[in-house]
Amino acid sequence: AGEDLLPEAQRLLRLAERALRHAGAGGAQETVLSINALPTFAARWLMPRLPGYLAQHPGLRIDLSTRKGVFDFNDSPCDLAIHYGQPNWPGGICSYLCSEIMVPVIGGGAPQFPSAPAELAPLPRIHLSERPGLWPDWFAHHGVAVERAGEGHWVDQISLAIEAVKAGMGCALLPRYLIERELADGLLRVALDAPYSTEKAYYLVTPEGRSEQVAAFRDWLIGEVSFRPLAD
């Protein structure tokens, strides 16, 4: 009976903790904006930009979570979720943010650069275990036939793929917007101007009936993407 009760008790505790945070902010004449985003996106793209938004909105607190996948807003309430995938979210309204374009990336100390997609075939490759078809699709998109396109090293997070390329373990397909700092510092380089647009995209998801509460933040996000596109 205790095991059956545990999930519901945990859900209620999460709701109570959130309510206390929001109530504390209200008592201090502040408001709380609850956001959910994928971990690497939150750390590498969103977090460096949030101070600029907070400077424009004094009295605002951010409650940021990094839960993956689609979840029930009733069980894990938030004001806005930044979702990667297809525009399908039960109980949520999806608004297109941007597409995702991957580029082949190598370490900044690589001695030479390929001049054509086929020249990447002999290089060791870093793969994302959740997206096993990424490299085969990239080669096929550029008309390159590669046997055993899945050979190489495998990691389960983009952040690990970034570190693997920096360490010289191979070449990876990465979204450029997640490696802005490494590109600027010369730790990573785009190996070849041969981008690939995936079938998935980023969406802003708001719980049904609550879109107006996050209008300012949503407009700011869209403006940031327009100023410096994620697909750049």
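Described below are features of the structure shown in this document. This is a predicted model, so every value here is computed, not measured.

1. Here we look at the pattern of salt bridges
(1) Moving on: Overall, the coordinates contain seven salt bridges when judged by the stated rule.
(2) Moving on: Between R49 and E224 there is a salt bridge, and its shortest N-O distance comes to 3.5 Å. With R49 in helix 2 (residues 39-56) and E224 in helix 6 (residues 215-227), this pair connects stretches of sequence that are 175 residues apart.
(3) Moving on: Here R49 falls in the buried class, since its relative accessible area comes to 11%.
(4) Moving on: With a closest N to O distance of 3.6 Å, E182 and R181 form a salt bridge.
(5) Moving on: Look at R181 and you get partly exposed, because its relative accessible area is 49%.
(6) Moving on: Each of the salt bridges in this network shares a partner with another, and the network as a whole consists of R44, R181 and E182.

2. Thoughts on the nonpolar core
(1) Moving on: If you look at the biggest cluster of nonpolar residues, it comprises 38 residues, and the most contacted ones within it are L46, I82, F217 and L221.
(2) Moving on: Grouped together as the second largest cluster of nonpolar side chains are 14 residues, I106, W138, F139 and C171 included.

3. Remarks on the pairing of strand 7 (residues 171-175)
(1) Moving on: Counting buried residues in strand 7 gives five out of five residues, a clear majority hidden from the surface.
(2) Moving on: Note that strand 5 (residues 125-128) and strand 7 share two bridges and pair parallel. Following the sheet pairing, R125 is matched in strand 7 by C171.

The rules behind the values
- Residues numbered from 1 in each chain as written.
- Predicted model: local features only at pLDDT ≥ 70, side-chain atom pairs only at ≥ 80, totals over all residues.
- Heavy atoms only, no water.
- Salt bridge = Lys/Arg side-chain N within 4 Å of Asp/Glu carboxyl O.
- Helix = DSSP H or I, 4+ residues; strand = E, 2+ residues; numbered from the N terminus.
- Buried < 20%, exposed > 50% of the residue type's maximum accessible area, 1.4 Å probe, protein only.
- Core = buried A, V, L, I, M, F, W, Y, C linked by side-chain atoms within 4.5 Å.
- Pairing = 2+ DSSP bridges.

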